[in-house]
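The lines below spell out each chain.
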Amino acid sequence: MPGVSARGLSLEERRQLAVNLTRVLSLYRSILDAYIIEFFTDNLWGTLPCSWQEALDGLNPPQLATQLLGMPGEGEVLRYRSVWPLTLLALKSTACALAFTRTPKFQAPSEFRENPSQSSRLKAPFRKHVRPKKQHEIRRLGELVKKLSDLTGCTQVVDVGSGQGHLSRFMSLGLGLKVKSIEGDQRLVERAQHLDQELLQTLGKEEKRNPQVSPSPKPLHILEALSGSKVLSTRVVQMHSHRSPHHVAQWVDPRTLCEEVLLPLETSPQGEARLLLTGLHACGDLSVALLRHFSSCPEVVALASVGCCYMKLSDPGGYPLSQWVAALPGYELSYRLREGACHALEEYAERLQKAGPGLRTHCYRAALETVIRHVQPKLRRPGVQGIPRVHELKIEEYVQRGLQRVGLDPQLPLNLAALQAHQAQENRVVAFFSLALLLAPLVETLILLDRLLFLQEQGFHSELLPIFSPELSPRNLVLVATKRPLGQAFSVLETEDTAAL
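- Looking up the protein in an unreviewed UniProt entry gives the name Ribosomal RNA adenine dimethylase domain containing 1, with the organism given as Myotis myotis.

## Some details on the packing of helix H7 (residues 132-152) against helix H8 (residues 166-174)
Step number 1: Look at H7 against H8: their axes get within 9 Å of each other, and the N-to-C directions meet at 45 degrees. Relative to H8, the element H7 lies oblique. Crossing hand, H7 versus H8: right-handed. Facing Lys-134, Ile-138, Arg-139, Leu-141, Gly-142, Glu-143 and Val-145 of H7, the residues of H8 in contact are His-166, Leu-167, Phe-170 and Met-171.
Step number 2: Of the residues belonging to the contact of H7 with H8, the class tally is six nonpolar, two polar and three charged.

## Comments concerning the side chain of Thr-22
Step number 1: Mapped onto the elements of the fold, Thr-22 is located in helix H1 (residues 11-27).
Step number 2: In contact with Thr-22, other than residues within four places in its own chain, are Leu-328, Pro-329, Gly-330, Tyr-331 and Leu-446.

## Quick look at the sheet that holds strand S6 (residues 461-466)
Step number 1: Spatially, the seven strands line up as an open sheet ordered S3-S2-S1-S4-S5-S7-S6, and their pairing is mixed. One side of each edge strand has no neighbouring strand; the edge strands of this open sheet are strand S3 (246-249) and S6. Put simply, the sheet's adjacent strands are angled 15 degrees from each other on average, direction ignored.
Step number 2: Where strand S1 (residues 156-160) and strand S4 (residues 275-283) come together, four bridges link them in parallel fashion. Note that in S4 the partner of Val-158 across the bridge is Leu-277.
Step number 3: Sheet contacts for H7: S1, S4, strand S5 (300-308), S6 and strand S7 (477-482); angle to S4, the most-contacted strand, approximately 160 degrees.

## Quick notes on the packing of aromatic side chains
Step number 1: The tally for this structure, following the rule as stated, stands at eight aromatic pairs.
Step number 2: Here Phe-294 and Phe-460 contribute two aromatic rings whose centre-to-centre distance is 5.2 Å and whose plane-to-plane angle is 70 degrees, an arrangement assigned as edge-to-face. Highlighted residues: Phe-294 in helix H13 (residues 285-296) and Phe-460 in the loop between helix H20 (426-457) and S6, separated in sequence by 166 residues.
Step number 3: For Phe-294, a relative accessible area of 0% translates into the label buried.
Step number 4: By relative accessible area, Phe-460 is classed as buried at 16%.
Step number 5: Centroid distance Tyr-319 to Tyr-331: 6.4 Å. Interplanar angle 50 degrees. Geometry classified as tilted. Note that Tyr-319 is positioned in the loop between S5 and helix H14 (323-326) and Tyr-331 in the loop between H14 and helix H15 (335-340), a separation of twelve residues in sequence.
Step number 6: When its relative accessible area of 23% is taken as the criterion, Tyr-331 is described as partly exposed.

Cut-offs applied
Residues numbered from 1 in each chain as written. Predicted model: local features only at pLDDT ≥ 70, side-chain atom pairs only at ≥ 80, totals over all residues. Heavy atoms only, no water. Axes fitted to C-alpha atoms, helices over the stretch in contact; angles between N-to-C directions. Helix = DSSP H or I, 4+ residues; strand = E, 2+ residues; numbered from the N terminus. Parallel < 35°, antiparallel > 145°, perpendicular 65-115°, else oblique. Left-handed = near helix turned anticlockwise from the far one by under 90°. Contact = heavy atoms within 4.5 Å. Nonpolar A, V, L, I, M, F, W, Y, C, P; charged D, E, K, R; others polar. Pairing = 2+ DSSP bridges. Phe/Tyr/Trp six-rings, centres within 6.5 Å; stacked < 30°, edge-to-face > 60°. Buried < 20%, exposed > 50% of the residue type's maximum accessible area, 1.4 Å probe, protein only.

See below:
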């Protein structure tokens, strides 16, 4: 999907983009603020201009993906079946033009072409217990952190919100970095330590199978051994056991600085620690905490953060951060807008192209909401636990199960004619949801742009890079910040490595 490149924008260009975003979001706030489960109760279709209704009504899912979202299927040519109103075309064009591009600069062959569950770019020990999406993420972010560490002379990487330690383990045992991983859940810390030992045992077994070869002192010797070019000795395993990530169970409060984040593992030869902070999908305020530590602490000289869960940002406190955005009219982003910004646009477009029966879920849930409010008017938008195999159910069967999920009588008499009339509008529900999804990247762009401006207002240097394939990882923009200018060196971070690790 086309968009504006976040790389190399001047301060004035960033400020003007923020102005444009707040203006556009103010114009279409009603679409973004709507809950799709209220499609029927709030007559969301009727809130659209009549000319939009005429253009969108009757479009099937693949046509919505191609004509509205601008994501045609392979070999498909964009053809409008009717003349669209200029206002709708302007919305589509503006949404594409103002959102940060999510397409990585590199175009590498798919790492999952041979096996959809195993990255061909990551060696087996680093893939164990790791899902394909995470394999892609830890490899790409780990490689970027390694390059950034080399460029800034960092002595230690701090992985905040490290979970089971997959990224930390790859950076330390795979890329030779000195890593401290901080996680607030003690159970996840214990799991990470267990997985560290598993990997070290794997390396030990490799050495036992080939005890003849002398070890290499190079930090990346493990990678050479795993690729089959060399083998490990006991001394190398012991050496790298000291390179295992240092795991700490510690809750990082986004409102205050955490001393544990800043503590060096050991004193550097130069006598001072130079820390690089990273977080893979640091949830909500945790990504803000990384920004605050970077901006406030002289020990932290670089940052590589991929945020997520924008709806969990504190209000106020988590957004806005910059003085510029806070002074703009219409800068406010409600919970609903921030939640919508976390949707997977590319994944949904692929679902539209396949036109599977699973697309009817939103229509079914919206129909259920009409029944719930008829029975109990004060009960609005209750959470409905997942109902298995929704697409195989008749709408009345889904409603009965949904009533039971929210504590209402599933045997209530239902108006089957009304439910079937709702089901007949399935494509309208999908079209309205697609409209909101078209606008959602603008919200994410404004949140991330606010962070760039916050850092620039303090004299720091920052860029946003699309690092992951958006089809695999929807939140794929990494914020990279340094305290000294890197100039053209930033382009090094965007390149794709060719070696399989």
